[in-house]
Structures are given as structure tokens and as C-alpha cells.
Amino acid sequence: AASNSAAQARDEQPDEAEQARSRLSLPFYLYTGPAFDAGQWFEPCARGLRGEGVTEDQYAGEHFFYAQLRAHRWRVADPRDALLFVVPLYANAAMQPSVKGSSCNGTHFQRLFDATAAAVASTEQYRRHAGADHVLVSNSWKVTQRPPKQVPWAPSQLPNDFFRRTFRNAIVGHMEARPVGSSRQKGGDQSGLSPFWRCSVVSPYTANYVEAARAHL
């Protein structure tokens, strides 16, 4: 009976790991405003490579990553209270062939990306560490490329040097961790992949949508 009581007491105690996790806090600021995409610039009109909704393909991790961050308890309203700064960027949707390099209102994606970069670069928190405490998520290989390989289906190509330079020290969520240093030094591989950021965190692939699975949803 005593052993059963002890076992029951252990079961009723919160897990130590969960207790430690509940005490963690990493306050972050998520940029908002006219220069930042709230999921409205590209996603409503973009389709995946197989015609599925852009949030239903395997590169849609950025969509769900930002959705969770917008509602996260660590998010703060004042950048002075933050340790990390999150830049919303929906590159997978922006670089789909279906949108041909333009937002839903017809603005070239690179102009919007550069406007985002300029808005970030003008802030005190960016200048403090040259963007090393800034995070963006991009589940697209295309974001690592330069024109003309980056979005060959766009009617016009615009340089992305300013965007790449602004976020050269950033932490980028990507679906695979790549050896950024060697790729940067060698100018990328034969596919034109040339990651420009300082370090990566993994933002996983998501499951492809399959029409046959609709009945099970």
C-alpha cells in the first residue's frame, strides 16, 4: 500500500522537464506595419506547384511558423522588451510560378522584400547588432538564389543584393540546414543556391496535400 501511495504521488507531481519548460521565456518582437507581410501579399492568390493551395504544399512551413508566433505567449508589443526580432516573409508563396513574381495587387515581389529590408534596417534594434538577433523563415530554395535563376517566370528581374546584404547576419528558418559558409565562399552550387545568412534553424517540411485524403480530413 505504501509503495502504491508513493507511485501515485509521483504520478501526480508535474514532470520536472515540463516545469522547467514552463519557466522558459524568450521575448520576441514580430514586425508589423505597411512594410511587412501579414500573409496577405502573396498567399491569397498563390498556388503550389501541383495547383494545390500554397499552404498545402511541402514548403508551407513558413506559413504555420508565423501563425504560431503571432499567437505565442512570448511575443511582446514593444521591441525594447525583446531579445529576438522576427521578420515576417512569405517567400515560398512569393516565388511560386503561379504568381509570376508579383503580389496579389501586381507589385514585384523584390520591391516588397526590399521595402521590408529597408524598414528593418532603419530601426534601432537592427543597428544595434547589424541584424544578428533577427529571425526570418523561408521554406523555399529560391530565396537562396540570385536573378535570373531565382524567379525565371517573372516578366522582369530585379537585383536582390540589398535584401541579401540587410539580412546577411540573420538567423533563417529553413527546411534544411545548409553549410552556409562554404556555399557563400564558392558562390553557390550549379543550381545557383547561395545562402547569404549567418546561421540556420530547421523549419520542417510539411505534408503535401493529396486530394484522395480529403475524405479523411
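Residues numbered from 1 in each chain as written. Predicted model: local features only at pLDDT ≥ 70, side-chain atom pairs only at ≥ 80, totals over all residues. Heavy atoms only, no water.

Two strands in a sheet stick together by hydrogen bonds in their backbones, pointing the same way (parallel) or opposite ways (antiparallel). Strand order across the open sheet formed by five strands is β1-β2-β3-β4-β5, with parallel pairing between neighbours. The open sheet has two edge strands, β1 (28-30) and β5 (199-202), and neither has a second partner. Geometrically, the sheet is characterised by an average inter-axis angle of 25 degrees between neighbouring strands, direction not taken into account. With three bridges connecting them, β1 and strand β2 (residues 84-87) associate as parallel partners. Each bridged residue has a counterpart across the sheet, and for F28 the counterpart in β2 is L84. On top of the sheet, helix α3 (residues 61-70) reaches β1, β2 and β3 (134-137); it is set at about 135 degrees to β3, its chief contact. (Pairing = 2+ DSSP bridges. Helix = DSSP H or I, 4+ residues; strand = E, 2+ residues; numbered from the N terminus. Axes fitted to C-alpha atoms, helices over the stretch in contact; angles between N-to-C directions. Contact = heavy atoms within 4.5 Å.)

Below, the discussion takes up the environment of V86. As for its position among the elements, V86 is in strand β2. Not counting residues within four places of it along the chain, the set of residues in contact with V86 comprises F28, Y29, L30, Y31, Y66, L69 and V135.

Predicted confidence across the protein gives a mean pLDDT of 85, with 81% of residues reaching 70 or more. Across residues 212-217, confidence stays below pLDDT 50; counting only partners more than four residues off in sequence or on other chains, it has two contacts. (pLDDT = per-residue confidence, 0-100.)

Charged atoms that come close allow side chains of opposite charge to pair. Under the definition given, this model contains three salt bridges. The salt bridge involving D78 is made with R80; its shortest N-O contact spans 2.8 Å. For R146, the salt bridge is made with D161, and the minimal N-O distance between the two is 3.0 Å. Of this pair, R146 sits in the loop between β3 and α7 (161-166) while D161 sits in helix α7; the two residues are 15 residues apart in sequence, bridging distant segments of the chain. (Salt bridge = Lys/Arg side-chain N within 4 Å of Asp/Glu carboxyl O.)

Along the polypeptide, G173 turns up in strand β4 (residues 171-174). Classification of G173 as buried rests on a relative accessible area of 0%. Residues G173 and G61, 112 residues apart in the sequence, show an inter-C-alpha distance of 9.4 Å. With near-sequence residues (within four places) excluded, G173 lies in contact with L136, V137, S138, N139, V201 and S203. (Buried < 20%, exposed > 50% of the residue type's maximum accessible area, 1.4 Å probe, protein only.)

Ranked by internal contacts, the top residues of the largest apolar core, which has 41 residues, are F42, M95, F113 and F167. Here the element with the most residues in this core is helix α5 (residues 109-121); it accounts for five residues. Setting aside its immediate chain neighbours within four residues, F42 contacts D37, Y90, A93, A94, V99, S102, S103, C104, F109, L112 and F113. (Core = buried A, V, L, I, M, F, W, Y, C linked by side-chain atoms within 4.5 Å.)

For the rest of this paragraph, the subject is unusual backbone geometry. P147 connects to P148 through a cis peptide bond whose omega is 5 degrees. The residue P148 is located in the loop between β3 and α7 in this model. Unusually for a residue other than glycine, K100 sits at a positive phi of about 55 degrees. On the secondary structure map, K100 appears in the loop between α4 (91-94) and α5. One non-glycine residue with positive phi stands out, namely A130, at about 55 degrees.

Enumeration according to the criterion identifies one disulfide in this entry. Disulfide pairing is shown between C45 and C104; the S-S distance is 2.1 Å. Looking along the S-S bond of the C45-C104 disulfide, the torsion reads about -100 degrees, which is the left-handed sense. A residue pair is termed long-range when its members are at least 10 positions apart, and C45 in the loop between β1 and α3 and C104 in the loop between α4 and α5 qualify at 59 residues. (Disulfide = S-S within 2.5 Å.)

Right, let's talk about α3 for a bit. Within the sequence span of α3, burial applies to G61, E62, Y66 and L69. Along the axis of α3, the buried residues cluster in a sector spanning 125 degrees; they form a single face. On its buried side, α3 packs onto β1, β2, α4 and β3. (Arc of directions from axis to C-beta.)

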